[in-house]
Amino acid sequence: LVILVGNLLIVALILSDRDLHRPMYFFLCNLSSLEIFITTSIIPKTVASLLMGSKAISYPACITQCYFYFLLGNIEFVLFAVMSYDRYVAICYPLQYPMLMNSQLCVQLLLGSWTAGFLVTVVPTLLVVRLPFCNDNRIDHFFCDVVLLIKLSCAETQTFELVSFMNAFIILFGSLVMTAMSYLYIINTILKLPSASSRNKAFSTCSSHFTIVVLAYSSCIFLYMRPSSHHTSYNKTVALLNTMVIPLMSPFIFSLRNEQMKKALKVGLKRSVII
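Residues numbered from 1 in each chain as written. Predicted model: local features only at pLDDT ≥ 70, side-chain atom pairs only at ≥ 80, totals over all residues. Heavy atoms only, no water.

Peer 1: For this particular structure, what's the right way to read the overall build of the protein chain?
Peer 2: Looking only at helices and strands, one finds 10 helices and 0 strands in the protein chain. When its helices and strands are written in sequence order, the protein chain yields α-α-α-α-α-α-α-α-α-α. In terms of overall size, the protein chain behaves like a compact globule, its C-alpha atoms giving a radius of gyration of 20 Å where 275 residues would be expected to give roughly 19 Å. Projecting the C-alpha coordinates of the protein chain onto the three principal axes gives extents of approximately 65 × 45 × 35 Å. Contacts in the protein chain between residues far apart in sequence, at least 24 positions, make up 75% of those at least 6 positions apart. When the accessible area of the protein chain is evaluated, it comes to approximately 15,000 Å², of which 69% is carbon and sulfur surface. (Helix = DSSP H or I, 4+ residues; strand = E, 2+ residues; numbered from the N terminus. Rg over C-alpha atoms; globule rule 2.2 N^0.38 Å. Contact = heavy atoms within 4.5 Å. Areas by Shrake-Rupley, 256 points an atom, 1.4 Å probe, with all protein chains shown as cover.)

Peer 1: Is there a simple way to explain the UniProt feature "transmembrane region" (unreviewed entry) in the protein chain in this structure?
Peer 2: Those residues carrying the UniProt feature "transmembrane region" (unreviewed entry) are residues 25-47, 67-85, 105-129, 168-191, 203-225 and 237-256 in this numbering. End C-alpha to end C-alpha, residues 105-129 measures 36 Å, and it is 100% helix and 0% strand. Secondary structure across residues 168-191 comprises 100% helix and 0% strand; the distance between its end C-alpha atoms is 34 Å. (UniProt positions renumbered as here; feature names shortened; annotations may be inferred.)

Peer 1: Help me understand the pattern of salt bridges in this model?
Peer 2: Oppositely charged side chains can form a pair if their charged atoms are brought close together. Tallying each qualifying case throughout the model produces 2 salt bridges. Arg 87 is paired through a salt bridge with Asp 86; the nearest N and O atoms lie 3.0 Å apart. Summarising the burial analysis for this pair, Arg 87 and Asp 86 share the class buried. Taking the shortest distance from any N to any O, the salt bridge between Asp 140 and Lys 236 comes out at 2.9 Å. One end of the pair, Asp 140, is in the loop between helix H5 (103-130) and helix H6 (146-152); the other, Lys 236, is in helix H9 (residues 234-256), with 96 residues separating them in the sequence. Take Asp 140: its relative accessible area is 51%, and that puts it in the exposed class. (Salt bridge = Lys/Arg side-chain N within 4 Å of Asp/Glu carboxyl O. Buried < 20%, exposed > 50% of the residue type's maximum accessible area, 1.4 Å probe, protein only.)

Peer 1: Just to check I follow, could you spell out the packing of aromatic side chains for this structure?
Peer 2: Think of a pair of aromatic rings as described by two things: how far the centres are apart, and how the planes are tilted against each other in angle. Per the stated rule, a full pass over the model turns up 13 aromatic pairs. A network of ring pairs unites the aromatic residues Tyr 69, Phe 70, Phe 142 and Phe 143 as a single cluster. (Phe/Tyr/Trp six-rings, centres within 6.5 Å; stacked < 30°, edge-to-face > 60°.)

Peer 1: Whenever I open this one, the environment of Ile 75 confuses me. Can you help?
Peer 2: Among the secondary structure elements, Ile 75 is positioned in helix H3 (residues 59-92). A relative accessible area of 0% places Ile 75 in the buried class. Taking the C-alpha atoms as reference points, Ile 75 and Ile 212, 137 residues apart in sequence, are found 15 Å from one another. Ignoring sequence-local partners within four residues, the contact set of Ile 75 consists of Leu 34, Ser 113, Trp 114 and Gly 117.

Peer 1: Looking at this model, I keep getting lost on the nonpolar core. Mind explaining?
Peer 2: Within the largest apolar cluster, 71 residues are counted, with the highest numbers of intra-cluster contacts made by Leu 28 and Tyr 224. Element by element, the count of residues in this core is highest for H3, at 20 residues. (Core = buried A, V, L, I, M, F, W, Y, C linked by side-chain atoms within 4.5 Å.)

Peer 1: So what exactly am I meant to see when it comes to the state of the cysteines here?
Peer 2: Each disulfide consists of one covalent bond between the sulfur atoms belonging to two cysteines. Within the structure shown, the criterion is met by 1 disulfide. The partner cysteine of Cys 62 in its disulfide is Cys 144, sulfur to sulfur 2.1 Å. Note on the Cys 62 and Cys 144 pair: the S-S dihedral is about -125 degrees, so by sign convention the disulfide is left-handed. With a gap of 82 residues between them, Cys 62 in helix H3 and Cys 144 in the loop between H5 and H6 connect regions that are remote in the sequence. The exposure classification of Cys 62 matches that of Cys 144, with both residues buried. (Disulfide = S-S within 2.5 Å.)

Peer 1: In this structure, what is going on with H3? I would like to understand it.
Peer 2: For an α-helix, the turn length of 3.6 residues means that residues three or four places apart are oriented alike. A rise of 1.5 Å per residue sets the reference length of H3, with its 34 residues, at 50 Å; its end C-alpha atoms lie 50 Å apart and thus fit the reference within 8%. Summarising burial for H3: 28 of the 34 residues are buried, a large majority. Near the N-terminus of H3, the side chain that reaches the backbone nitrogen of Ala 61, with its oxygen 3.3 Å away, is that of Ser 58. (Expected span 1.5 Å × (residues − 1). Polar contact = N/O pair within 3.5 Å; in protein donor to acceptor, adjacent residues only side chain to side chain.)

Next up, the structure:
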C-alpha cells in the first residue's frame, strides 16, 4: 500500500503541477508508473500465498508473471539511461537544454525504452514456453523467476542460458555504460562550477536518481549476471530489493531530496486543506 500510494502521489503531483511539466519529471512520472506495475505483478500473488496458505500458481500465470516482471524491469533500466542522459544535457548544456530535450524527443526516448524492453524480453519468453517440464514443479522463490524455471526443465538448457545471459548483458551493461558515461561528464562539469551553491544544487538534482540506479544495478547484476548453478537462497533476499525495497524507497528519495517536488507537495497539501 505504501508503494502504491507513494508512487501514485508522485504521478499525481507531476500531472497536476505545471511547474513539473519538464523532461526530468516526465521521465520520473514514467519511472513511478513502472514501479507500480512491477510491484503489482509480484506482490499481490505473494501476499495472497502468505495469507491463504496456498503457494500454487498455474503454468500460464507463472509465465505471465515472469514475462511482465522482466519486461518492466528491462524497460526500467533503459529508462535509467535515458534519465541520466537528460541530467547530462541539463547540466552540461543548460542553455541548449530546452531546445535539445523537447517534448518530441522525450516521447521518442520513452517509446524507445519500451521497444528495447519488449525486444529483449520476448525472445527468452518464447524459449521458456517451449521448454518441457516433466519432473519437479517447485520453485524456491516468492515469484516465477526465469532462472529457476530453467533449472526445472528436463531438457538441455545451455542455449537458453546463453541467450538469457546475453540479453541481461545487453540491457544491464549497455544501459550501465550509458549511465556511467553521463555521470562522469556530469561530475566533471559540476566540479568546474565556480560557486559552492551551484555545485550543491547540481548534485542535488542527480543524487536521488543516482541512489536508485546504484541499488537497482547492483542487485540485478548479482542476480542475473552469474551462472545459474551459483544461485542460492540469498537470491530471494536480494530480489526483495527490486520487488519491494526500491519501489518503497523511490517516492521518499525523489520527493524528500528534490526541492521542487517538496514545493509541489506542500502546494498540493494546501489545496487539499482548502478543499
